[in-house]
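Summary of the model geometry
These are the residues of each chain, in order.
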Amino acid sequence: MGFARTCSVALVGVEGVPVEVQAGLEPGVAAFTLVGLPDKSLTESRDRVRAAVVNSGIEWPQKKLTVGLSPASVPKSGSGFDIAVAAAVLGAAERVDPRALADIVMIGELGLDGGARPVRGVLPAVLAAAEAGYERVVVPESSAVEASLVPGVSVLGVRSLRQLVAILADEPAPDEEPALGRRPDPSRAGLRLPGTTDATGVMAGILPHETVPDLSDVVGQRVARTALEIAAAGSHHLFLEGPPGAGKTMLAERLPAVLPPLTRRESLEVTAVHSVAGLLPPGRPLIDSAPYCAPHHSATMQALVGGGPGVARPGAVSLAHRGVIFLDEAPEFSRHALDALRQPLENGHVVVARSAGMVRYPARFLMLLAANPCPCGRLAREDALCECPPSAIRRYQARLSGPLLDRVDLRVEVERVTRAQLTEAGARGDSTARVADRVRSARERTAARLAGTPWRSNAEVPGRELRDRWPPAPGALDRAERGLERGSLTARGLDRVLRVAWTVADLSGHDRPRAEDVGLALQLRTGVPSGVPVSIGSFT
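Reference entry: report on the structure contained in this document. (Residues numbered from 1 in each chain as written. Predicted model: local features only at pLDDT ≥ 70, side-chain atom pairs only at ≥ 80, totals over all residues. Heavy atoms only, no water.)

Another point: the overall build of the protein. Helix and strand content of the protein: 21 helices and 17 strands. Along the longest, intermediate and shortest principal axes, the C-alpha atoms of the protein span 85 × 50 × 45 Å. For the protein, restricting intrachain contacts to residue pairs at least 6 apart in sequence, the fraction spanning at least 24 positions comes to 72%. Here the protein has roughly 24,300 Å² of accessible surface; of this, 52% comes from carbon and sulfur atoms. Placing the 62 positive and 60 negative side-chain charges of the protein at their respective mean positions leaves the two points 4 Å apart. (Helix = DSSP H or I, 4+ residues; strand = E, 2+ residues; numbered from the N terminus. Contact = heavy atoms within 4.5 Å. Areas by Shrake-Rupley, 256 points an atom, 1.4 Å probe, with all protein chains shown as cover. Lys, Arg positive; Asp, Glu negative; His and termini not counted. Charge placed at Lys NZ, Arg CZ, Asp CG, Glu CD.)

In the sheet, strand β2 (residues 15–26) pairs with strand β4 (residues 64–70) via seven bridges, with the strands oriented antiparallel. For Val21, the partnering residue across the bridge sits in β4 and is Leu69. Relative to β4, strand β3 (residues 31–35) is paired through five bridges, and the arrangement is parallel. Paired with Thr33 across the bridge in β4 is Thr66. (Pairing = 2+ DSSP bridges.)

A word on the nonpolar core. Grouped together as the largest cluster of nonpolar side chains are 55 residues, with contacts concentrated most on Ile230, Leu238, Leu240, Leu368, Leu410, Ala480 and Leu524. Excluding anything up to four places from it in sequence, Leu410 contacts Ala227, Ile230, Ala231, His236, His237, Leu238, Phe239, Val500 and Leu524. Counting 39 residues, the second-largest nonpolar core is a separate cluster that includes Leu25, Val53, Ala88 and Leu101. (Core = buried A, V, L, I, M, F, W, Y, C linked by side-chain atoms within 4.5 Å. Buried < 20%, exposed > 50% of the residue type's maximum accessible area, 1.4 Å probe, protein only.)

According to the stated counting rule, one finds 30 salt bridges in the structure shown. Between Asp430 and Arg434 there is a salt bridge, with its nearest N and O atoms 3.6 Å apart. Overall, the relative accessible area of 5% leaves Asp430 in the buried class. (Salt bridge = Lys/Arg side-chain N within 4 Å of Asp/Glu carboxyl O.)

Here the focus is the environment of Ala272. In this structure, Ala272 sits in helix α9 (residues 264–277). Separated by 96 residues in sequence, Ala272 and Leu368 place their C-alpha atoms 24 Å apart. Sequence-distant contacts of Ala272, defined by excluding residues within four places in its chain, comprise Val14, Leu123 and Pro124.

The subject of this paragraph is unusual backbone geometry. The amide bond that connects Ser70 to the next residue, Pro71, takes the cis arrangement and shows omega of 10°. Mapped onto the secondary structure, Pro71 falls in the loop between β4 and α3 (82–92). One non-glycine residue, Glu329, lies in positive phi territory at about 55°. Relative to the helices and strands, Glu329 is located in the loop between β13 (324–327) and α12 (335–339).

Don't take any of this as a statement about function, it's just geometry.
Right, here's the structure in full:
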């Protein structure tokens, strides 16, 4: 009986599980059996592998063939096991030395012509292989750059099964045609899931620098710009309410450029999620800037937090991991979809339960909500253009639940832009570059203070830790504590005010929050003027 084994990786969410691919040949009627809890697409690999082997000019073994995927208790899906299955079969048939396969992880799909085709999730799969102690990985050539992001792993990119067999058998490698340069590579056609095109509003920092809109384009909105800067410096969630055309969407689109670049660890986390979702653009395997996701208000709960039929897929909150998710017209979203955001807002991850098991996706993002004051959007203090009945206004505003809004640190009423503001020459605030510099400096102060802790931003620090380890100046919390006694603030709200106050202090260069820092944080949460300047940078 011929026997050979090699390795591959099964993805459960963005976490990989090393899988041993075993192939056994024994006398009997020629048959091909695949066991180990495969799904439909993996079961079809029997026909793909057989055709790929034959069309590569290699003789298919005419014996009873059994391929096992171990551990058998882990569900396995997708076509990423094709190369490993083909190599194990050829090792059992002694076309290649079985000993050369034992310590190699193989990831990739095979075409019927024997060509190696890329699959989704190469980066998290290679990360799992490296954590398990494997040092050599075989992937399709078009995925080699992505796989090489993992340190300590030797990556072999192959164009075809023929090339892989020649390398393993120490034979001259055949000449293979390079990937198409003038047309889209058809081998990458299946990497994007249906509905994950540019229309979804997902942007992973892939725009050229010169096309990024500048914050100085926003006219007026001094309070909203200040809140946006604080949100970026401390990863605080922000709610903008105001009439249409006031600049809410403009502010949201400029927020990702204000955020600092991702660290190496954060880049790998974000890239892993986008790799699983099939959103990595060709030629850019590593996402190094904050992603931006703006789903439409008709998005379902599964589209927001993940799930869907079959294998659970990452939702918008996971695609916005370490970046920004913008929910425009927030009251128009489904109430169930909005309330499902509570878990990722609190825990920084999403757990999707399915009959085959639970999938965990990272989801630590900065949420920006935008809403009109009423269904028609014309409700304002200075005029009476709104014709919505009071009952309709109450129903509209009640669509954002209290528990959800209680998790939002900053709430700003965006005023309508006046003619004077729009036509006055030079009436602009700071540019994106200047605001980004202040945000980066504030983040550096935060990082120095939180060094040695599991937290990276002020928004992540528990309130108890802030009160015990980093207390504010004496008397700084008096006004906020009075609000807690009157019931205008909850205990969670008081903690969030303290977190925002620390961010204001970091932006202002204070060693700890002062009364004016807490006053600004309290005003930006409750909307009640506190007599402190609502500005951090220069604003003319």
